[in-house]
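Working through the structure, step by step
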Amino acid sequence: RRQLHIRDLESGKTENVTKDWDRSFYGFQFSKDGKQVFLYGNHIGKNVIWSYDPASKQKQQLTDAGYVSAFDVGQDKIVYQYDDLKNPADLYVMDLDGSNKRQLTAVNQGVMSELQFGDYEQFSFKGWNDETVYGYIVKPVDFDEDKTYPLAFLIHGGPQGSFGDHFHYRWNPQTYAGQGFVAVMIDFHGSTGYGQEFTDSITGDWGGKPLEDLQKGMAYVEANYDFVDTDNACALGASYGGYMINWIAGNWSDQFKCLVNHDGIFDNRMMYYSTEELWFVEWENGGTYFDRPENFEKYNPVHYVKNWKTPMLVVQGSKDYRVPETQSLATFTALQRQDIPSQLLIFENENHWV
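Along each chain, numbering runs from 1 in the same order as the chain's sequence is written. It should be noted that, the model being predicted, local features are given only for residues of pLDDT at least 70 and side-chain atom pairs only at 80 or more, the latter also being counted only at that level, while totals for whole chains, interfaces and linings use all residues. Each side-chain value is derived from all of the structure's non-hydrogen atoms; neither hydrogens nor water enter the calculation.

As for the environment of Y52
Quick note on the threshold: Secondary structure elements are taken from DSSP: a helix is a run of H or I of four residues or more, a strand is a run of E of two residues or more, and numbering for both begins at the N terminus. Contact criterion: two residues are considered in contact whenever any of their non-hydrogen atoms come within 4.5 Å of each other.
Within the fold, Y52 resides in strand β5 (residues 47-53). As a C-alpha pair, Y52 and T18 span 34 residues in sequence and 9.4 Å in three-dimensional space. Those residues in contact with Y52 that sit more than four places away from it in its chain are V17, W21, K35, Q36, V37, L39, K57, Q58 and K59.

Next up, the structure:
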């Protein structure tokens, strides 16, 4: 959790002004007169800008949709980069109080005029422990409410991340909407933008709460969206999402007709001994593998390979040192040796972000 500390240069006193503000921030800027601070960060499936008045200690949310990925503060305006699930990034401008928003650029106007995108909405349901969990559903292009559509069930990585109201440049649900799928994305326990306790709840529980949230999210979609054919579904994920694909293969295999696993963890033990990001796996599992092997093994997909039966596409970048190539080779071997329909797609010059 990134918090904002402000130091008074005359007195030397430093104050954490966001300690009671349960969000994590990506960056900040002061207004030109120094009387306001503007911050941006993840918030309930969106990335928004807030203003904060250090004198009154009052905060105000200035944007309430989409994804703000950068901004700059002028004398009386804020210019910001904005995108959402139907629009790639462009520059927008608004007053310092969030009013008078308008678009400045239309960089992709020519291309966009030739493309169609599916409509979308955010929903919520009771997940693990009856706590509120949010998700998005993206309808197919040329949607007809009297028809039913196959489902692309996207699972985000991190796992401390979010699939939100964002025109993602690698995992974009409109890719599937354009091919006649409904796309669904669940921000399971561990996701960012819902408070630190919610984010921290996944640590040590990778295969527990998140799987329950995904299952309850699927049940919610089945009960509330008649146009979704949940029996004709494919689950897709990368990194932690790829881990979850392997976990689903062993623990929820009857739900999906196919699985897509990009750079996913297959064996937590060898992941520990081969990743370049040791801090992360030690943080998530409470120490080293040799000191806390039981933590690594509790939700280790390798132990459930005998339950696998769902066809899987495995995608890997050879220059991925986060989740090394051997994890995907092992996944593919486990599939092939059990005669499960499977393919392995290798990008030799790509890293963790194909």
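On we go.
Focus: the pattern of salt bridges
For the record, the criterion: Whenever a carboxyl oxygen of Asp or Glu lies within 4 Å of a side-chain nitrogen of Lys or Arg, that contact is scored as a salt bridge. Burial classification: accessible surface area is computed with a 1.4 Å probe over protein chains only, and a residue below 20% of its type maximum counts as buried, one above 50% as exposed, and the rest as partly exposed.
Counting across every chain of the model gives 8 salt bridges. With its nearest N and O atoms 2.6 Å apart, the salt bridge here joins K77 to D95. With K77 in strand β8 (residues 77-84) and D95 in strand β9 (residues 87-95), this pair connects stretches of sequence that are 18 residues apart. By relative accessible area, K77 is classed as partly exposed at 34%. Salt-bridge contacts for E277 lead to R322; the nearest nitrogen and oxygen are separated by 3.4 Å. Taken together, the residues span a long stretch of sequence, with E277 in the loop between α6 (268-274) and α7 (278-285) and R322 in the loop between β17 (312-317) and α9 (325-336) at a distance of 45 residues.

Points about the sheet that holds strand β11 (residues 120-126)
We apply this condition: What makes two strands pair is DSSP finding at least two bridges between them. Note on geometry: axes are lines fitted to C-alpha atoms, helical ones only across the stretch in contact, with angles between N-to-C directions running from 0 to 180 degrees.
Taken together, the 8 strands give an open sheet; going across it, the order is β11-β12-β14-β13-β15-β16-β17-β18, and neighbouring strands pair in mixed fashion. The two strands at the open ends of the sheet, each matched to only one other strand, are β11 and β18 (342-347). Each strand of the sheet is rotated relative to its neighbour by a mean of 20 degrees, with strand direction disregarded.

Points about the packing of aromatic side chains
Here is the rule: Planes of paired rings set the category: under 30 degrees apart is stacked, over 60 is edge-to-face and the rest tilted, where pairs are Phe, Tyr or Trp rings (Trp by its six-membered ring) whose centres lie within 6.5 Å.
In the structure shown here, the tally under the stated rule is 41 aromatic pairs. Seen in terms of ring centroids, F143 and F227 are 4.7 Å apart; in terms of plane orientation they differ by 75 degrees. Their pairing is edge-to-face. Here F227 lies in the loop between α4 (209-224) and β15 (228-238) and F143 lies in the loop between β12 (132-138) and β13 (149-155), a separation of 84 residues in the sequence. Ring geometry for F153 versus W252: centroids 6.3 Å apart, planes at 80 degrees, classification edge-to-face.

What to know about the nonpolar core
To be explicit about the condition: We define a nonpolar core as any set of buried Ala, Val, Leu, Ile, Met, Phe, Trp, Tyr and Cys residues linked to one another through side-chain atoms lying within 4.5 Å.
Ranked by size, the top nonpolar core spans 52 residues in total, and within it F153, I155, V184, M244, F256 and W308 carry the most contacts. With 7 residues, helix α5 (residues 240-251) is the largest single contributor of residues to this core.

In short, shape yes, function no, at least from these values alone.
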